[in-house]
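# Fold and geometry: a report
Next come the chains, spelled out residue by residue.
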Amino acid sequence: QVQLVESGGGLAQPGGSLRLSCVASGKNFVMYTMGWYRQAPGKQRELVASITSGGSTNSVDSVAGRFTISRDNAKNTVYLQMNGLKPEDTAVYYCNARRYIESLGNYWGQGTQVTVSS
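This write-up is about the structure you can find in this document. Not measured: the values here are computed from a predicted model. (Residues numbered from 1 in each chain as written. Predicted model: local features only at pLDDT ≥ 70, side-chain atom pairs only at ≥ 80, totals over all residues. Heavy atoms only, no water.)

## Brief notes about the state of the cysteines
Quick note on the threshold: A pair of sulfur atoms, both from cysteines and within 2.5 Å, is called a disulfide here. Under the DSSP-based scheme used, a helix requires at least four consecutive residues in state H or I and a strand at least two consecutive residues in state E, with every element numbered from the N terminus.
What the rule picks out here adds up to one disulfide. Covalent S-S linkage joins Cys22 and Cys95, the inter-sulfur distance amounting to 2.1 Å. Sign of the S-S torsion, about -85° for the bond between Cys22 and Cys95, identifies this disulfide as left-handed. Placement of Cys22 in strand E3 (residues 18-24) and of Cys95 in strand E9 (residues 91-98) is noted, with a sequence separation of 73 residues between them.

## Describing the pattern of salt bridges
The cut-off we apply is this: Salt bridge, as used here: a side-chain nitrogen of Lys or Arg that lies within 4 Å of a carboxyl oxygen of Asp or Glu. Categorising residues by exposure relies on relative accessible area from a 1.4 Å probe, with only protein chains included: less than 20% of the type maximum marks a residue as buried, more than 50% marks it as exposed, and the intermediate range marks it as partly exposed.
Evaluated as defined, the whole model comprises three salt bridges. One salt bridge in this structure joins Arg38 and Glu46, with 2.8 Å as the shortest N-O distance. A salt bridge links Arg66 to Asp89, with the nearest nitrogen and oxygen atoms 2.8 Å apart. Taken as a pair, Arg66 in the loop between strand E6 (57-59) and strand E7 (67-72) and Asp89 in the loop between strand E8 (77-82) and E9 lie far apart in primary sequence, 23 residues in all. Asp89 shares its class with Arg66; the two are buried.

## Side note on the nonpolar core
If you look at soluble globular proteins, the nonpolar side chains tend to sit buried side by side. Filter applied, for reference: As used in this record, nonpolar core signifies buried Ala, Val, Leu, Ile, Met, Phe, Trp, Tyr and Cys residues forming a set joined through side-chain atoms within 4.5 Å. A contact between two residues is defined here by any heavy atoms of the two lying within 4.5 Å.
By size, the foremost hydrophobic cluster in this structure holds 28 residues, and its most contacted members are Met34, Trp36, Leu80, Met82 and Tyr93. Not counting residues within four places of it along the chain, the set of residues in contact with Met34 comprises Leu4, Phe29, Ala49, Ser50, Ile51, Ile69, Arg71, Val78, Cys95, Asn96 and Ala97.

## Here's the deal with unusual backbone geometry
Despite not being glycine, Asn28 shows a phi value in the positive range, around 65°. You can see Asn28 is positioned in the loop between E3 and strand E4 (33-39). Phi is positive for Asn76, close to 50°, though the residue is something other than glycine. Looking at the element boundaries, Asn76 is found in the loop between E7 and E8.

## Considerations on the sheet that holds E3
Stated formally: Between any two strands, at least two bridges found by DSSP are needed for them to pair. Structural elements are reduced to axes, namely lines fitted to C-alpha atoms, with helices fitted over the stretch in contact, and the angle between N-to-C directions of any two is expressed from 0 to 180 degrees.
The four strands lie next to each other as E1-E3-E8-E7, forming an open sheet whose pairing is antiparallel. Here the strands that pair on one side only, and so sit at the sheet edges, are strand E1 (4-7) and E7. Neighbour to neighbour, the strand axes of the sheet diverge by 15° on average, direction disregarded. The pairing of E1 with E3 spans four bridges and is classified as antiparallel. Considered in E3, the bridge of Glu6 is made with Cys22.

## Here we look at a nonpolar patch on the surface
Stated precisely, the cut-off is as follows: Nonpolar side chains (Val, Leu, Ile, Met, Phe, Trp, Tyr) are joined into patches within 5 Å and like charges within 9 Å, using only residues with over 30% relative accessible area and no salt bridge. Values of accessible area rely on a 1.4 Å probe in the Shrake-Rupley scheme; residue burial ignores everything except the protein chains shown.
Taken together, the side chains of Tyr100, Ile101 and Leu104 define a hydrophobic patch exposed on the protein surface, amounting to about 400 Å² of accessible area. Tracing the backbone through its elements, the reader meets Leu104 in the loop between E9 and strand E10 (106-108). A relative accessible area of 46% places Leu104 in the partly exposed class.

Right under this line is the structure:
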């Protein structure tokens, strides 16, 4: 069983920045693709950004150039640096850890609230 604990959410003004962190328990962190998802009220959960064990990254078009995902395998931690925040970024952000063979592991954190408002 893997536990994921997110932190770093909060209130930011439009144009501001936040950095989300997700700390994973257990072994073999390097074997997981890590992702950040978000869900706004009335909307489906969407993938924001992901990073593979090999360091390849992907992000949704709406955050491209503003958000950066990274990982520190020594700390079992994945980060989401969010710059140039917009009100439409307001959502609960969830950390996800997934093995390439999904049946071997697919875990979710409890989420952290990000609110962008003036």
